[in-house]
Amino acid sequence: MSPFRTKKNRSLPVKVVTFDSELEFNLGHRQTGQELFDLVCRTIGLRESWYFGLQYVDARGRVTWLKMDKKVKDQRIQVQANGFYVFNFYAKYFPENVSEELIQEITQHLFFLQVKQSILSMDIYCRPEASVLLASYAVHVQYGPYDYETYKDGMLASADLLPKKVTDQYQMTPEMWEERIKTWYMDHEPMTRDEVEMEYLKIAQDLDMYGVNYFPITNKNKTKLWLGVTAIGLNIYEENNKLSPRTTFQWNEIRHVSFDDKKFTIRLVDTKVSNFIFYSQDLHINKMILDLCKGNHDLYMRRRKPDTMEIQQMKAQAKEEKQRRQQERAKFLREKKLREKAERDRYDLQKRYEHLQDEMRIANDALRRSEETKELYFEKSRVNEEQMQLTECKAHHFKTEIDRLRERQMKIEHEKMDLEKKIRDADFYVHQLTLEKDKREAEAEKLKKELQCAQLAEREATARLLNFINHGRKTSTDSLVAVSGNTLVVSATNTAISTPSLTTSNSTIDIETAGGVELTTSNHDLAADTNDSSSDVIDDFETKEFILTDAEMEQITNSRMEYLKKSKQMENQLQTLRSQIELLKIEENQCNLDILSDALLKAGETKYSTLKKLKSGSTKARVAFFEEL
């Protein structure tokens, strides 16, 4: 028996799952889907409820949107094992421009979570380089602005930031992916969470599969196609290409939408054009298509009307809140600058303190060395005093000996005269010997110096002769060297050294040393041959610093130009990242969407250029083109 018919269970246990929370309610058995939806919106504080809906799995296992006008218990909801009726709170409709239409911060956050999950699960295809960029914004949302003090290497490697198909395409480790995400993360300006989420959504809305609900259909030729229901109209895709539509119809071109069993009929505003007809697999898909078409068409027309009082009030409140956050952010930035200045001052003081400590350590080392030098000099002074005392002892001993000799001399008075004569003779003789000795020592010293000079000159002359002989042998291997009787003479007072001189056909060297050295050469300068001078030339490379002019540095005040400039810079960065990881790509791991995306990129096609090109033709031509697919 159904639980709705029991009298005991007057309430339905309901669990509503969002991307960041789970809500549980006890719902009355007579309450409608709209009452449950309003209860959820009030609980989470959501006012822009027209974008969202409650999704569930019915008794047949099909994903279905909760109907607002029917009772919850009458919608054949699959009951979980724990008795709960589980609903997922998802965005059902997407805005055309997130920056202009999303007002509340909670709305932006819910869209951010859903789009992020869709990209990670590859429900929305995203190129690898764009995935890295979006991952850096997701990190910014989770951890706030980059802070080198709190950031630790490896904290992103285990996080779920990139689609698995993206990481499988490249031979890159988690650390390599983290390094590239970190590079983008560091470049982001300090922003609040809602600003970062908005930047994320701005990039995500340019993806080809963003905001598109795909349904399998066929045309009258039974060609398998995809119908894409979007915020601006209906797109028709080929079976193997969900990125680039073949034709499109905007909501302002569509007058009426209806279906009969599996046949779906779309009447266009231009009455001269035949109806746009396609076929789906079953009735359930047609109901979902009709529901999404109705909701997207209503929002499309609503955007092109003046805002209601509720919307104006919400925008005013959002504007005030934004101004308040901007003021808080400006205050935060001022405080941050003051903190950074204080940190820089502290860093400078720390450096100065360390410098003074180094100087103090150097001074202490110098003082210690001075103390050691002082002790060394004191030790030397002590040794000198000991030597002086020893000298005084010797002098005293000599004096004592002289006195003893004098006493003995007095005792032998009778020999005094003879001894005095002998002493005088001995003194004279000693004086003569001393003079002779000094003279001989001077002469010996002079001879020694002359001998040293002669030996030095002999070695130099021998070296030069050997160099000359080697030079002569190199220039003329067949010439003969005749040794003549010339003599190398080293003359001193009592010493003479002679060596035969060498004569060649080209030069003669005579070396004669007598207290000096004389070197004579002809035709060749041996010194120039043996001592070649060389100089090293150092090229100074001049480093030029390119400085932008004031006109180039002037800030662009126009917001559109700033956006285009930022987009161009981001495009260049994406191109750089794409070229960096291209070499690590594994071609066999690429899927069909990767190949199609590469082809669109090479052709220079984007989501908006493709739609613009498709809308250029007439409605009649587009209907005919669809029928011929």
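Residues numbered from 1 in each chain as written. Predicted model: local features only at pLDDT ≥ 70, side-chain atom pairs only at ≥ 80, totals over all residues. Heavy atoms only, no water.

1. Regarding the packing of helix 4 (residues 128–143) against helix 7 (residues 193–204)
Interhelical geometry of helix 4 versus helix 7 gives an angle of 165 degrees and a closest axis separation of 9 Å. Judged on the interaxial angle alone, helix 7 and helix 4 are roughly antiparallel. Taken as a pair, helix 4 and helix 7 cross one another with a handedness that is left-handed. Residues L133, L134, Y137, A138, H140 and V141 of helix 4 pack against R193, V196, E197, E199, Y200, I203 and A204 of helix 7. (Axes fitted to C-alpha atoms, helices over the stretch in contact; angles between N-to-C directions. Helix = DSSP H or I, 4+ residues; strand = E, 2+ residues; numbered from the N terminus. Parallel < 35°, antiparallel > 145°, perpendicular 65-115°, else oblique. Left-handed = near helix turned anticlockwise from the far one by under 90°. Contact = heavy atoms within 4.5 Å.)

2. Examining helix 15 (residues 607–615)
Along helix 15, the positions that sit buried rather than exposed are K607, T610, L611 and L614. In an axial view of helix 15, the angular spread of the buried residues amounts to 95 degrees, which keeps them on one side of the axis. Where helix 15 is buried, its residues contact strand 8 (233–238), strand 9 (247–250) and helix 16 (619–628). (Buried < 20%, exposed > 50% of the residue type's maximum accessible area, 1.4 Å probe, protein only. Arc of directions from axis to C-beta.)

3. Looking at the packing of aromatic side chains
According to the stated counting rule, one finds 20 aromatic pairs in the structure shown. For the pair F37 and F89, a centre-to-centre distance of 5.8 Å together with 20 degrees between the ring planes defines the contact as stacked. A residue pair is termed long-range when its members are at least 10 positions apart, and F37 in helix 1 (residues 33–44) and F89 in strand 5 (residues 85–91) qualify at 52 residues. Like F37, the residue F89 is buried in the burial classification. The rings of F37, W50, Y51, F52, F89, F94, F111 and Y210 are connected pair by pair, giving a single aromatic cluster. A cation sits over an aromatic face here: K15 above F84, 5.3 Å from the ring centre. (Phe/Tyr/Trp six-rings, centres within 6.5 Å; stacked < 30°, edge-to-face > 60°. Lys NZ or Arg CZ within 6 Å of the ring centre and 35° of its normal.)

4. What to know about the sheet that holds strand 3 (residues 52–57)
Taking strand neighbours across the sheet as the criterion, the five strands line up as 2-1-5-3-4 in an open arrangement whose pairing is mixed. Two strands lie at the open edges of the sheet, namely strand 2 (22–28) and strand 4 (63–65), each paired on one side alone. Shown here is a sheet whose adjacent strand axes are inclined to one another by a mean of 35 degrees, direction ignored. Running at roughly 100 degrees to strand 5, helix 3 (residues 105–120) makes contact with strand 3 and strand 5 of the sheet. (Pairing = 2+ DSSP bridges.)

5. Topic: helix 3
For the α-helix, the turn length of 3.6 residues means that residues three or four positions removed from each other point alike. For helix 3, built from 16 residues, the straight-helix expectation of 22 Å at 1.5 Å per residue is met to within 8% by its first-to-last C-alpha distance of 22 Å. Across the 16 residues that make up helix 3, a large majority, 12, are buried. Every buried residue of helix 3 is listed here: T107, Q108, H109, L110, F111, F112, L113, Q114, V115, S118, I119 and L120. Residues of helix 3 that are buried sit in contact with helix 1, strand 3, strand 5, helix 4, helix 5 (164–168) and helix 7. (Expected span 1.5 Å × (residues − 1).)

6. Quick word on the nonpolar core
By size, the foremost hydrophobic cluster in this structure holds 109 residues, and its most contacted members are L36, F87 and F89. With nine residues, helix 4 is the largest single contributor of residues to this core. Once you skip the residues sitting within four places of it in the chain, F89 turns out to touch V16, V17, T18, F37, V40, C41, I44, L46, F52, G53, L54 and L110. (Core = buried A, V, L, I, M, F, W, Y, C linked by side-chain atoms within 4.5 Å.)

7. Let's talk about the UniProt feature "binding site: a 1,2-diacyl-sn-glycero-3-phospho-(1D-myo-inositol)" (unreviewed entry) in the protein
Feature annotation in UniProt places "binding site: a 1,2-diacyl-sn-glycero-3-phospho-(1D-myo-inositol)" (unreviewed entry) on K67, M68, D69, K70 and K287, given in this structure's numbering. Narrowing the list just given to those that line the second largest pocket leaves K67, M68, K70 and K287. Summarising the element assignment, K67 is placed in the loop between strand 4 and strand 5. Sequence-distant contacts of K67, defined by excluding residues within four places in its chain, comprise G33 and Q75. For D69, the position within the fold is in the loop between strand 4 and strand 5. (UniProt positions renumbered as here; feature names shortened; annotations may be inferred. 1 Å grid on protein atoms, 1.4 Å probe; cavity = no way out; pocket = protein on both sides within 12 Å on 5 of 7 lines; lining within 4 Å.)

8. Description of the pairing of strand 7 (residues 224–229)
Judged by how many residues are buried, strand 7 sits mostly within the fold: five of six residues are covered. Across six bridges, the pairing between strand 6 (residues 213–218) and strand 7 is antiparallel. Its bridge partner being in strand 7, Y214 is matched across the sheet by G228. A loop of five residues connects strand 6 with strand 7, the two strands running antiparallel in sequence, and K222 in this loop sits at a positive phi of about 60 degrees. By the bridge criterion, five bridges tie strand 7 to strand 8 in an arrangement that is antiparallel. Following the sheet pairing, L225 is matched in strand 8 by E238.

9. Concerning the confidence of the model for the protein
The predicted model of the protein has a mean per-residue pLDDT of 80, with 83% of residues at 70 or higher. In this model residues 1–8 is a low-confidence stretch, pLDDT under 50, and it forms five contacts with partners more than four residues away in sequence or in other chains. Under a pLDDT of 50 for its full length, residues 479–558 has, in the predicted model, 92 contacts with residues more than four places off or in other chains. (pLDDT = per-residue confidence, 0-100.)

10. A word on unusual backbone geometry
Phi is positive for R76, close to 55 degrees, though the residue is something other than glycine. You can see R76 is positioned in the loop between strand 4 and strand 5. Here R76 falls in the exposed class, since its relative accessible area comes to 62%. If you check the backbone angles, K222 has positive phi at about 60 degrees while not being a glycine. Mapped onto the elements of the fold, K222 is located in the loop between strand 6 and strand 7.

11. Quick word on the side chain of H284
Examined against the element boundaries, H284 turns out to sit in helix 8 (residues 283–303). When neighbours within four sequence positions are excluded, H284 is seen to be in contact with R62, V63 and T64.

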